[in-house]
Amino acid sequence: MYWLLMFTTCCSCWQTVKNNPNHSHNIRKWLQSTDLTREVYQHLAHYVPKIYCRGPNPFPQREDMLAQLVLLGPMEWYICGEDPAFGFPKLEQANKPSHLCGRVFKVGEPTYSCRDCAVDPTCVLCMECFLGSIHRDHRYRMTTSGGGGFCDCGDTEAWKEGPYCEKHKLNTSEIEEEEDPLIHLPEDVITRTYNIFAIMFHYAVEILTWEKESELPADLEMVEKPDTYYCMLFNDEVHTYEQVIYTLQKAVNCTQKEAIGFATTVDRDGRRSVRYGDFPYCEQAKSVIVRNTSRQTKPLKVQVMHSSIVAHQNFGLKLLSWLGSIIGYSDGLRRILCQVGLQEGPDGENSSLVDRLMLSDSKLWKGARSVYHQLFMSSLLMDLKYKKLFAVRFAKNYQQLQRDFMEDDHERAVSATALSVQFFTAPTLARMLITEENLLTIIIKTFMDHLRHRDAQGRFQFERYTALQAFKFRRVQSLILDLKYVLISKPTEWSDDLRQKFLEGFDAFLELLKCMQGMDPVTRQVGQHIEMEPEWEAAFTLQMKLTHVISMMQDWCALDEKVLIEAYKKCLAVLMQCHGGFTDGEQPVTLSICGHSVETIRYCVSQKKVSIHLPVTRLLAGLHVLLSKSEVAYKFPELLPLSELSPPMLIEYPLRCLVLCAQVHAGMWRRNGFSLVNQIYYYHNVKCRREMFDKDIIMLQTGVSMMDPNHFLMIMLSRFELYQIFSTPDYGKRLSSETTHKDVVQQNNTLIEEMLYLIIMLVGERFSPGVGQVNATDEIKREIIHQLSIKPMAHSELVKSLPEDENKETGMESVIEAVAHFKTFFPPPPPRKPGLTGRGMYELKPECAKEFNLYFYHFSRAEQSKAEEAQRKLKRQNREDTALPPPILPPFCPLFASLVNILQSDVMLYIIRTILHWAVEHNGCAWSEAMLQRVLHLIGMALQEEKQHLENVMEEHVVTFTFAQKISKPGEAPNNSSSILAMLETLQNAPYLEVHKDMIRWILKTFNAIKKMRESSSTSSVAETEGTITEESSRDKDKAERKRKAEIARLRREKVMAQMSEMQRNFIDENKDLFQQTVAEEASNSAVLDNSPMVSDTTLTALGPAQTQVPKQRQFVTCILCQEEQEVKVESKAMVLAAFVQRSTVLSKNRNKVIQDPEKYDPLFMHPDLSCGTHTGSCGHVMHAHCWQRYFDSVQAKEQRRQQRLRLHTSYDVENGEFLCPLCECLSNTVIPLLLPPRNIFNNRLNFSDQPNLTQWIRTISQQTKALQILRKEERIPNIASSKNSENMDELQLPEGFRPDFHPKNPYSDSIKEMLTTFGTATYKVGLKVHPNEEDPRVPIMCWGSCAYTIQSIERILSDEDKPLFGPLPCRLDDCLRSLTRFAAAHWTVALLSVVQGHFCKLFASLVPNDNYGDLPCILDIDMFHLLVGLVLAFPALQCQDFSGISLGTGDLHIFHLVTMAHIIQILLTSCTEENEMDQETPAGEEELAVLALYKTLRQHTGSALKEIPSGWHLWRRVRTGIMPFLKCSALFFHYLNGVPSPPEIQVSGTSHFEHLCNYLSLPNNLICLFQENSEITKLLIESWCQHNEVKRYLEGERDAISYPRESNKLIDLPEDYSSLINQASNFSCPKSGGDKSRAPTLCLVCGTLLCSQSYCCQTELEGEDVGACTAHTYSCGSGVGIFLRVRECQVLFLAGKTKGCFYSPPYLDDYGETDQGLRRGNPLHLCKERFKKIQKLWHQHSITEEIGHAQEANQTLVGIDWQHL
């Protein structure tokens, strides 16, 4: 019915077009009409429902074609006034093209931002503009677009320099000032365009925002309205794909595949009709969907809509796209559309079409939103005049848009609010919106409106957020992003309006910070652990998001003195409000130490509430520093409220915060759980510290600089809860005498250490511009120096440890050269994995080490410890003393200059003296070394400071900093303790302070230097002389003591060494016999292990009667499971190697070949394209067969015991027989038995001296095979008359000595036989992907095939790497090949003799014609090495019944010669002349003449179908190069089969080894001699080979054939620049979802196919299970193994089967030698060939599965990933 309806519609529409070919009727009517709107609406009402959506399955292409003909065509004619094919090009020609690029980015398209020239990171270029711009030579950042933004090329406000690329530069010469683009359009065109644009834009907006479901607007109602409806399902971001698919299957009764199709379209377009029919039919589907999805969350949105409404809405979308394309012809048309869109409607405010669309945004579906957003971008945002007007409309609607966005559940990317980035980042627009629309205040107030949860004090409260609240909170954060956009470009000029509006915004911002001041307070948990972790993440998320905004606010204030002063006042006023009641209810207390007293409040951090969030305080600290930095504090002191400042109030809250951190480190808050630990971590973390920890330090510095340092120290002692300790005399003694709890002592020690550390920070941290006399580069330099003091770092690691500004810049590149060297490590250091090459590291320059400060305030405890260790180690290497003195610091700015006095204050000296006194007394645990170390550092800082003061003092100025003088005075009464200096001298000789002696020595030395500088007259003070003498004498004493100890240690060492060597000598003398026996055993063992035993013969021959005889060797191996040693024997228990068998296409030349039915497939003949082979690998670890069986059973049992619900995919699949090697955890799925060389066991019969030649041997074997075939026929048909039987027996003349009834005894033990069967069955099961069946006749074939394929792949690897064939192979490879070859040679003993003989007969018949086999492949379709292995390994099954005296060796030799001849013919048939080859001038040699003669013979037999090749040199070269891989594989095969060592000549690389290989393989150097020696039979053979139909077809050009040598397979070529790859992927559309861009384009590195990974749309069914595109591709391309590059993530993906996978390091590196997985850093990436070769090598070695196994064992999270869905 539907087809008929569609056909009728098409016919009627087409008829209309045919009757009015120029739409003349409609256009005349429209031109003459007085009510154009009515005429157009009638036209649409008539045709739109006929064209669009008239059935369950839309046909977009047909609909679009009809819409263009019937609906859009007439409008185009109307606009142009003529045929649009001529009209639009004319408009385009008259147009002055825009200088803006405006390319709208697709999802995943590469974008480039210049880090040097972009005004902010949102300014980006498309690839084409970037490549044609100056920025390609700058520091740039590369990212992939999320879709929706556009290229900023041509926007002068976006770039500091180079705003135009080469393409857009052409248009800039004429642009002096903005001109009206309408002057390029004729008047009548303007009028008509305006008319049609107004009508059509209004129609589109009206129909898209239409909310009724079953009736149209009055003007569009149809005369005859059909009763057809759609059940329309809408997208949301709440329900998962699985929920939607499941619901649809139930609701509309569709298959899973159809449901996936629906779900994919809904996700992509935002809506999809899931049922078509009458109203009740659709309503029923709707009710099922709503019922099924409303249980946990809100239900899916479903509407039953009349088909005509859907038709008009679909056309509305088409219409908006059409408008976007039409305005591309002319800027004038764009201007008209902008006018139409922004023109106020009859309803006044917010009634323009643009406003209506924006305000309906959250009600529209995804597809409609993206279409109108794109239209706005190509129209309003490309016209600079209307961009401003649009920005104003956007700002006016901002609050409503954000409110809608909060209620909406779609992502921001498809919301109208995302357009903010287009306006707010343009500096002039942003300033205009701040001044005219008060944008800053609007954004902040909108933000605060959405965070309504407050506590009693009006602070934000984030307790126990529900999922919905958390979702909304994430949405609210986008407002902070808008605020950041507005502030990102700073003003250069300030108007009064801008000042006023900015300060209004600043007021609003202070209100926001006020709500954060003191939020999430914590109270120390005492007694029991906290029951429920409090919510802390929301507050920190808010702080983190606001960090850059707070910094930018300060940056704006710094640009204008008036603004800075006002902002400072406002901030101080708000802080006073926050702190209004900070003394209320707290009782005052007076503290006094050393004659100083101060009044403060009694406040214990460990008992009261304390909050880590103090943004107002910290903002004031930032502004205070700016007063100093900009010198406003000195220029206009009268304008500033500095006198109103109360230093105790300023320092109170930051000090509490730092005390909280100290107490947490002291372990006092353990019972508060992890939430507090995490808060402390983030407080110091690089992401937050700039506006948290750093500002707290600055605020304390501010307070201290304004108050008496003694008062500050006493308040600090009180807050640290240490006042009691320091104000109590003899605290140390009391502690040691009392049995105080150890924890309390430890806590107090930690608190004292933390307090001293804080004092060091307050005095030493002066690298913030404004605090110290430094600039921003000094600050960043210092950060880098201290990070590199810990260890050398990679670029990314260093960048991570530095704070980023709002432009994601750290400023590192500008200073790094001054402080560090960049070193690249080739090869990487041993501890690292072998795959990672060339990672560069920054190393600190040696001259920068002097700037190292052990107590740098951004060090964590672990970092401080590592840095100290690294610096001391460096000093020891340089033979320097290991003291780490404080560095020389820059002077403070005047506002902070008084800070240094803290060091020489009485209380400070008292603290220092007390701690030194404890150390001198050495009172057990009342003090710690860390405490002493900090005290020494403080003394060092004070001395450095005094020295600086003395060096920089102006004439006639008195230096008031007199620390040196104060420390040499003894303590005050009542104790009258020693001076600090005297105590240091005492400690210098303390044996328990060895580590600190160098530091004490440095202090005393600096002290003396200061004393000398202070000398004003020739007479030096007595105290100084005494000090010097004491210091020198103590130093001499110390040196002498050290020397004495070193000498004693040396003598002790020598004595012990002498004793040990004497004992060794005696032991050897006493046990001489035993020792010699051990040496002899080792020698014999090494001979067994050596794969090249010594043989006296000079020429080594691997096969044939002349085979070199190798002496029998005994082989002993040790089981890795039971550690028992055993000799490998025929009759002993089996020993096995762990092995892994896998299907492989690594050597494949045809990946498209598929085995249709594995159960019926005959693998006897391997095609030369090696489309799919079976590879066997092993880790080389040996076990007893019974030990392995026990181990495997236990693994199986463990897997079965594992509960089903906990069962994850392990890295091995037990059901498929997989396990991990017990020793190396290498993935294995079977075991190979260890055997002695089988040929020595089978070939033990007497051999007669006269062995037959090839001709005789072929005749004998042919007779034997015929006899066997007749016998087999009889066995198959036993019930035949006896007379017939006897006739056959007469016919059958058995060859002499052939006894087909003889069955040889199997020489192997039952255990070995079982293992032969086990491995054979495993190879068969994996190779053919069938169920195991040990009796299947194909088992032996698969074993031979695996042996041949594995040898071929090893030969290929050795050739590719230019390694010698018999060079030093890795042990595991050598053991694997030896065991595999011996196994394959012995496997026939456990197979049915008749089966193996049958295989031999068939294989033999493919070379020597036999009438009984008619369907054999031609020689072009047989891989000769597989054929050779099959024939040689099956031959003993025939030879064991031959008692005529023909040896096994003779058979091997003749088989080898026969196959070699066939291969030569193969090469000659398939070799084609290369046109560019030059003829050789050299005279033809014996080989050339012989090969020419053979080629002529071939041409005779093929009827001259072969091309004539005149040059024998070319032919011989072809034969030699073509046969080399075959000879190498054969040499490996016979070497491992017969155990003959390889000749030394082949063990080195360099030459081609052709002659040596021929000698080793018993071949003549002139291979054509094989044909000449046996000319009689070879002619017959060649004739039979050439007569095959397939050979004739090939020669006639009807089919292809493989030519030799086969080229080595390589992974695809990748582009050098990664952005080319991203660009290629961004153009890739999902093949199954109608041109939609793929979200995860993934490149197969084996064949180069681009796939749509990780998406429902491209899932396919594989073996009854739904799998993703990549998994499906691995089965067709790599037999289950795949190597992919995930382009958007820059990540290599390894897959093996459905359950195994891992991510691997990509081959693309940045300039610093690092990968960038996920493209997070955005540095330009270039191909690293070494990395790529490493991946290729893993593939060639068949190690992908092993690599995955190791990765999954190392990282358990990989096991949980559903790899099959990728």
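None of the values given here were measured: they were computed from a predicted structure. (Residues numbered from 1 in each chain as written. Predicted model: local features only at pLDDT ≥ 70, side-chain atom pairs only at ≥ 80, totals over all residues. Heavy atoms only, no water.)

K.L.:
Any chance you could break down the overall build of the chain for me, citing the residues and the numbers?
P.N.:
Helix and strand counts for the chain come out as 64 helices and 25 strands. Here the chain, with 1766 residues, has 56% of them falling under the buried criterion. Accessible surface, the chain: about 78100 Å² in total, of which carbon and sulfur atoms supply 51%. (Helix = DSSP H or I, 4+ residues; strand = E, 2+ residues; numbered from the N terminus. Buried < 20%, exposed > 50% of the residue type's maximum accessible area, 1.4 Å probe, protein only. Areas by Shrake-Rupley, 256 points an atom, 1.4 Å probe, with all protein chains shown as cover.)

K.L.:
Quick rundown of the packing of aromatic side chains? Include the residues and the values.
P.N.:
Under the criterion given, the structure shown has 52 aromatic pairs. Residues Tyr-203 and Phe-315 carry aromatic rings whose centres are separated by 6.0 Å and whose planes lie at 50° to one another, so their mutual orientation is tilted. Residue Tyr-203 is located in helix α8 (residues 187–208), and its partner Phe-315 is located in helix α12 (residues 307–326); the two are separated by 112 residues in the primary sequence. For the residue pair Tyr-203 and Phe-315, the accessibility class agrees, reading buried in each case. (Phe/Tyr/Trp six-rings, centres within 6.5 Å; stacked < 30°, edge-to-face > 60°.)

K.L.:
Which residues make up the pairing of strand β23 (residues 1700–1704), and what are the values?
P.N.:
Burial of β23 is extensive: four of the five residues sit out of reach of the surface. With five bridges connecting them, strand β22 (residues 1691–1696) and β23 associate as antiparallel partners. Pairing of Ala-1696 across the sheet is with Lys-1700, part of β23. Connecting β22 to the antiparallel partner β23 that follows it, the hairpin turn spans three residues, and Gly-1697 within it adopts a positive phi of roughly 70°. (Pairing = 2+ DSSP bridges.)

K.L.:
Please give an account of the pairing of strand β17 (residues 1641–1644) that cites residues and values.
P.N.:
Both faces of β17 are covered, namely the face carrying Pro-1641 and Leu-1643 and the face carrying Thr-1642 and Cys-1644. Sheet topology places β17 next to strand β18 (residues 1650–1652); three bridges connect them, and they run antiparallel. Of the residues in β18, the one forming a bridge with Pro-1641 is Cys-1652. Between β17 and the antiparallel strand that follows it, β18, lie five residues; Gly-1648 among them carries a positive phi value of about 90°. In this structure, β17 lies alongside strand β21 (residues 1681–1686), joined through three bridges in antiparallel fashion. Each bridged residue has a counterpart across the sheet, and for Cys-1644 the counterpart in β21 is Phe-1684.

K.L.:
So what about the pattern of salt bridges? Which residues, and what values?
P.N.:
The full count for this structure, using the stated rule, is 59 salt bridges. Where Glu-765 meets Arg-782, a salt bridge forms, and the shortest distance between an N and an O atom there is 2.6 Å. You can see Glu-765 sitting in the loop between α33 (742–764) and α34 (776–790) and its partner Arg-782 sitting in helix α34, a full 17 residues away along the chain. For the pair Glu-765 and Arg-782, a shared accessibility class is recorded, and that class is buried. The partner of Lys-1402 in a salt bridge is Asp-1162, with the nearest N and O atoms 3.5 Å apart. One end of the pair, Lys-1402, is in helix α52 (residues 1393–1405); the other, Asp-1162, is in the loop between β12 (1135–1144) and β13 (1173–1184), and 240 residues separate them in sequence. One connected set of salt bridges, linked through shared partners, spans Asp-1421, Glu-1590, Arg-1593, Glu-1598 and Arg-1599. (Salt bridge = Lys/Arg side-chain N within 4 Å of Asp/Glu carboxyl O.)

K.L.:
How would you summarise the packing of helix α27 (residues 647–665) against helix α28 (residues 673–684) if you had to cite specific residues and measurements?
P.N.:
Close contact between α27 and α28 brings their axes to 11 Å; oriented N to C, the two are set at 125°. The orientation of α27 relative to α28 falls into the category oblique. The handedness of the crossing between α27 and α28 is left-handed. Counting all contacts with α27, which are made through Cys-657, Leu-658, Leu-660, Cys-661, Val-664 and His-665, the residues of α28 involved are Leu-676, Ile-680, Tyr-683 and His-684. (Axes fitted to C-alpha atoms, helices over the stretch in contact; angles between N-to-C directions. Parallel < 35°, antiparallel > 145°, perpendicular 65-115°, else oblique. Left-handed = near helix turned anticlockwise from the far one by under 90°. Contact = heavy atoms within 4.5 Å.)

K.L.:
Can you explain the environment of Pro-1233? Please cite residues and give values.
P.N.:
Its location among the elements puts Pro-1233 in strand β16 (residues 1230–1233). Sequence-distant contacts of Pro-1233, defined by excluding residues within four places in its chain, comprise Met-1135, Val-1136, Met-1315, Leu-1316, Phe-1319, Ser-1379 and Phe-1383.

K.L.:
Can you tell me about the sheet that holds β18, naming the residues and giving the values?
P.N.:
Ordered by their spatial adjacency, five strands build an open sheet running β18-β17-β21-β22-β23, and the pairing between neighbours is antiparallel. Since the sheet does not close on itself, it has two edges, and those belong to β18 and β23, each with one partner. Neighbour to neighbour, the strand axes of the sheet diverge by 30° on average, direction disregarded. Relative to β22, β21 runs antiparallel, the two sharing six bridges. Each residue of the ladder has a partner; that of Gly-1682, found in β22, is Leu-1695. Along the sheet face, helix α62 (residues 1669–1677) touches β17, β18, β21 and β22 and points at about 135° away from the line of β21.

K.L.:
How would you summarise the nonpolar core if you had to cite specific residues and measurements?
P.N.:
Ranked by internal contacts, the top residues of the largest apolar core, which has 277 residues, are Phe-197, Phe-201, Phe-315 and Leu-542. With residues up to four places along the chain from it excluded, the contact list for Phe-197 reads Ile-79, His-202, Leu-323, Ile-326, Ile-327, Leu-333, Ile-336, Leu-337 and Val-340. Val-1330, Leu-1369, Tyr-1495 and Leu-1567 belong to the second largest nonpolar core, which has 160 residues in total. (Core = buried A, V, L, I, M, F, W, Y, C linked by side-chain atoms within 4.5 Å.)

K.L.:
Requested: an account of helix α3 (residues 36–51), with residues and values cited.
P.N.:
Under the 1.5 Å per step criterion, the end-to-end length of α3 is 22 Å for 16 residues, consistent within 8% with the ideal 22 Å. Of all bends in α3, the biggest is about 25°, found at Ala-45, and the proline Pro-49 comes one to four residues later. Among the residues making up α3, those that are buried are Leu-36, Glu-39, Val-40, Tyr-41, His-43, Leu-44, Ala-45, Tyr-47, Val-48, Pro-49 and Ile-51. (Expected span 1.5 Å × (residues − 1). Bend = angle between axes of the 7 residues up to and from the residue.)

K.L.:
Could you give me a rundown of the sheet that holds β12, with the residues and numbers involved?
P.N.:
Read from one edge of the open sheet, three strands run β13-β12-β16, paired in antiparallel fashion. Every other strand in the sheet has two partners, leaving β13 and β16 as the edge strands with one partner each. Neighbour-to-neighbour, the strand axes of this sheet turn through a mean angle of 40°, independent of strand direction. One ladder, built from four bridges, connects β12 with β16; its direction is antiparallel. Counted as the bridge partner of Ala-1138 is Val-1231 from β16. Lying on the sheet, helix α49 (residues 1310–1328) is in contact with β12, β13 and β16; it crosses β16 at an angle near 135°.

K.L.:
Which residues make up the packing of helix α51 (residues 1371–1386) against helix α56 (residues 1512–1538), and what are the values?
P.N.:
Orientation of α51 relative to α56, taken along the N-to-C sense of each, is 75°, at an axis distance of 8 Å. When the axis of α51 is compared with that of α56, the two are roughly perpendicular. Contacts between α51 and α56 involve Asp-1374, Leu-1377, Arg-1378, Thr-1381, Arg-1382 and Ala-1385 on the former and, on the latter, Phe-1533, Tyr-1536 and Leu-1537. The class makeup of the residues in the contact of α51 with α56 is five nonpolar, one polar and three charged. (Nonpolar A, V, L, I, M, F, W, Y, C, P; charged D, E, K, R; others polar.)

K.L.:
Let's hear about unusual backbone geometry: which residues, and what values?
P.N.:
Residue Pro-1605 is bonded to the preceding Tyr-1604 through a cis peptide linkage, with omega at -5°. Here Pro-1605 shows up in the loop between α60 (1589–1595) and α61 (1618–1626). In the Ramachandran plot, Glu-721 falls in the positive-phi region, its phi being about 60° despite a non-glycine side chain. By the secondary structure assignment, Glu-721 is in the loop between α30 (709–719) and α31 (723–727). At Asp-1362, a residue that is not glycine, the phi angle is positive and equals roughly 55°. Within the secondary structure, Asp-1362 sits in the loop between α50 (1339–1360) and α51.

K.L.:
So, the state of the cysteines: which residues are in play, and what are the values?
P.N.:
Applying the stated criterion to the full structure yields zero disulfides. No disulfide involves Cys-661; its sulfur sits 5.4 Å from that of Cys-657, the nearest cysteine. In this structure Cys-661 comes out as buried when scored by relative accessible area, which is 3%. (Disulfide = S-S within 2.5 Å.)

K.L.:
So what about the side chain of Arg-719? Which residues, and what values?
P.N.:
As for its position among the elements, Arg-719 is in helix α30. A distance of 2.9 Å separates polar atoms of two side chains, one belonging to Arg-719 and the other to Thr-600. Residues in contact with Arg-719, not counting those within four places in the same chain, are Thr-600, Ile-601, Tyr-603, Val-605, Glu-652, Leu-655 and Val-659. (Polar contact = N/O pair within 3.5 Å; in protein donor to acceptor, adjacent residues only side chain to side chain.)

K.L.:
Describe the confidence of the model for the chain, and please don't skip the residues or the numbers.
P.N.:
The pLDDT averaged across the chain works out to 82; a share of 86% of its residues lies at or above 70. Low pLDDT, under 50, characterises residues 1280–1287; the predicted model gives this stretch two contacts beyond four residues in sequence or across chains. Contacts from residues 1473–1478, a stretch scored under 50 in pLDDT, to residues over four places away or in other chains number seven contacts. (pLDDT = per-residue confidence, 0-100.)

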